[in-house]
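# Descriptive analysis of the structure
Residues per chain, in single letters:
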Amino acid sequence: MKLIVALIQPHKLPDVKKALYDAEVYKMTVTNALGSGQQKGYTETYRGVLQEVNLLKKLRLEIAVNEEFVEPTIEAIVKGAQTGKIGDGKIFVLDLGECIRIRTGERGQEAIG
Amino acid sequence: MTQEVIQISTVGLDTLWVLLAAFLVFFMQAGFGMVEAGFIRAKNTCNILTKNFLDFCMASIGFFMFGYAIMFGDGNVFMGLKGWFLAGAESGARVPLYAFWLFQAAFCGAAATIVAGGMAERMKFQAYLIYSFIISALIYPIVGHWIWGGGWLAALNFADFAGSTVVHTVGGTAALIGTILLKPRLAKYGPDGKPNVIAGHSIPLASLGVFILWFGWFGFNPGSSLSVGDGSLIALVAINTNLAAAAGGISAMIMVWKMFGKPDLSMAMNGALAGLVAITAPCAFVDPWAAIVIGSIGGVIVILGVVLLDKLQIDDPVGAVPVHGMNGFWGTIAIGLFGKESLGLAHNGLFYGGGFKQLGIQLLGVSSVIIFIVISMSIVFKLINVTIGLRVSREEELKGLDIGEHGMEAYGGFQIFTTE
């Protein structure tokens, strides 16, 4: 079992969701996140004053998967989120110690489902 | 001497009334802004408000330079040709020119701003600026001249008291052409053609906008009397305006409740606006009971219109076409049904034994206006499209037009959760 954490551009979410659905990955958690990477932000103007924005808006996707779904999930996220430009984001793959479905008390691979 | 004093004070009173109404109609600009902002997503709010703000600026200048001359200047039956930049222009009513101009300019701004909602969330800002100048300086005044400026429809006794056709059918039809040419927003319609919900981001803002519009309509309709008289006309118009709005709100709510299971506030509010648009033309020519009927039917039309547009995959984010276009049409022909000769109409309506005469004139008038707008606005939008482009890029649309077009957000410091 792995926990896949991906940080992506907010406006790429529709594409990522579509790619994940095509790969038959339907379960995910999405949260708003702020962060900075190589890009080091961008500039906005407000009332004529330039403003450096260094924490960019990102979305954080968390997807818990069984082993056989790890590669398809990664591929789907890359396919959906990639533009080739700086700021596309990162994917982290973590070992997942345990998973429990609260409704039934199932554990492990079945609970991920 | 006393005669002269009475004369001066009557003109003064009328001027005060027309200016007061002009100020109310100006405030409707805020109403349109709030309705449209509330019904779209947070990421495009700054953009729509900039459009609403700038189109009134554009309309004011455009209507000063060319619009007034085309609408009210001496000329032929198609358009006026005198009074450019108000030089040598004359007032179209008993009030001073500048008061009359301000009232008419506020109307012109309303026609222009209707289109922003229909084309929201994807139209380039620069394209919108050019469009808003052209419609206020040229297109709207030509229609206005036909009906209010002594043009060919006025000669036929076509009746449109406060502008169901002149303002709302013009704005609504232009919005329809614009939204068809722009194509739907991304992800609005699935591959199977089913519409997806792209929910508005602030129902409180939209509600505030509807209340402001309703309030402003008390200037829009009663002010169109252009004089106070003995007060009976503006009183009739005011009560009719209010009753139609109320009836439209109720009938739309009942409709949407029956069709979709819940009393959807956004649709009930569209219903009230539909009632207001529908009563705008007939408000001076019908009895209060007829205003209730006209408003109720308006509320039904708006719900069916929204459903129909989604079936045809025409994406109108705020319902500008059903509210202003379809109900502008309905209100105009309603004169031919419920209108009364005793209230100043040329012929009795169908239900008062006048036959099809007035109805036919109304149908001819509103249809001619629709055809004219379809042709002229198609040309305008197509020209803008091939020169600077109508629509923003896919990436900009997904990121939001606030950052893309203006480099600033509507809600700085807030976290906006964008999911589609």
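Residues numbered from 1 in each chain as written. Chains lettered and ligands numbered in written order. Predicted model: local features only at pLDDT ≥ 70, side-chain atom pairs only at ≥ 80, totals over all residues.

Residues and elements named next belong to chain A. Spatial strand order, β2-β5-β1-β6: 4 strands in an open sheet with antiparallel pairing. The open sheet terminates on both sides in strands that have one partner only, identified here as β2 (29-35) and β6 (89-95). On average, adjacent strands in this sheet sit at an angle of 20 degrees to one another, irrespective of strand direction. In the packing of helix α2 (residues 67-81) onto the sheet, the strands contacted are β1 (2-8), β5 (56-65) and β6, and the crossing angle to β1 comes to about 5 degrees. (Pairing = 2+ DSSP bridges. Helix = DSSP H or I, 4+ residues; strand = E, 2+ residues; numbered from the N terminus. Axes fitted to C-alpha atoms, helices over the stretch in contact; angles between N-to-C directions. Contact = placed C-beta atoms within 7 Å.)

Residue and element names in this part refer to chain B. Tracing the sequence through the fold places Ile388 in the loop between α12 (357-387) and α13 (394-399). The class of Ile388 is exposed, set by 12 C-beta atoms lying within 10 Å. Put simply, Ile388 and Ala106 are 282 residues apart on the chain and 28 Å apart in space, counted from C-alpha to C-alpha. With residues near it in sequence (within four places) discarded, Ile388 still touches Lys124, Gln126 and Ala127. (Buried ≥ 20, exposed ≤ 12 C-beta atoms within 10 Å, placed from the backbone.)

This part takes up the packing of helix α1 (residues 2-39) of chain B against helix α2 (residues 45-72) of chain B. Residue and element names in this part refer to chain B. It is the contact of α1 with α2, at a shortest axis distance of 9 Å, that shows an interaxial angle of 160 degrees. Classified by the angle between their axes, α1 and α2 sit roughly antiparallel to one another. Crossing of α1 against α2: the hand is right-handed. Residues Gln29, Phe32, Gly33, Glu36 and Ala37 of α1 pack against Thr45, Ile48, Leu49, Asn52 and Phe56 of α2. Its residues assigned to classes, the contact of α1 with α2 shows 5 nonpolar, 4 polar and 1 charged. (Parallel < 35°, antiparallel > 145°, perpendicular 65-115°, else oblique. Left-handed = near helix turned anticlockwise from the far one by under 90°. Nonpolar A, V, L, I, M, F, W, Y, C, P; charged D, E, K, R; others polar.)

Here we come to helix α4 (residues 125-147) of chain B. Residue and element names in this part refer to chain B. Along its 23 residues, α4 runs 31 Å from first to last C-alpha, staying within 8% of the 33 Å computed at 1.5 Å per residue. At Ile135, α4 shows its largest kink, close to 45 degrees. The buried count for α4 comes to 18 of 23 residues, which makes it a mostly enclosed element. (Expected span 1.5 Å × (residues − 1). Bend = angle between axes of the 7 residues up to and from the residue.)

Take the packing of helix α11 (residues 320-338) of chain B against α12 of chain B next. All names here are of chain B. Relative orientation of the contacting elements α11 and α12 amounts to 160 degrees, with a least axis distance of 7 Å. The angle between the axes of α11 and α12 places the two elements in the roughly antiparallel class. Where α11 crosses over α12, the two elements pack in a sense that is right-handed. Contact residues: α11 offers Phe329, Thr332, Ile333, Ile335, Gly336 and Leu337, while α12 offers Gln358, Leu359, Gln362, Leu363, Gly365 and Val366. Across the contact of α11 with α12, the residue classes tally to 7 nonpolar, 5 polar and no charged.

What follows is about the nonpolar core. The nonpolar side chains of a soluble globular protein tend to be buried, and buried together. Of all hydrophobic cores here, the largest spans 135 residues; its most connected members are Val25, Phe103, Ala111, Ala244 and Ile294 of chain B. Residue contributions to this core peak at 15 residues, all from helix α3 (residues 97-118) of chain B. With near-sequence residues (within four places) excluded, Ala111 of chain B lies in contact with Ile135, Tyr140, Val167, Val170 and Gly171 of chain B. One finds Val16, Leu20, Leu59 and Ala76 of chain A within the second-largest nonpolar core, a separate group that totals 14 residues. (Core = buried A, V, L, I, M, F, W, Y, C linked by C-beta atoms within 7 Å.)

All names here are of chain A. When we look at burial in helix α1 (residues 13-22), the residues that qualify are Val16, Ala19 and Leu20. For α1, the buried positions fall inside an angular range of 100 degrees around the axis, keeping them on one side. Facing away from the buried side of α1, by more than 90 degrees, are the exposed residues Tyr21 and Asp22. Where α1 is buried, its residues meet β1 and α2. Positive phi appears at Glu24, one or two residues downstream of α1, with a value of about 60 degrees. (Arc of directions from axis to C-beta.)

For the rest of this paragraph, the subject is the pairing of β1 of chain A. Residue and element names in this part refer to chain A. As paired strands, β1 and β5 are joined by 7 bridges and run antiparallel to one another. In the sheet register, Ala6 faces β5, and the bridge partner there is Leu61. Pairing of β1 with β6 involves 7 bridges; the strand directions are antiparallel. Its bridge partner lying in β6, Lys2 is registered against Asp95.

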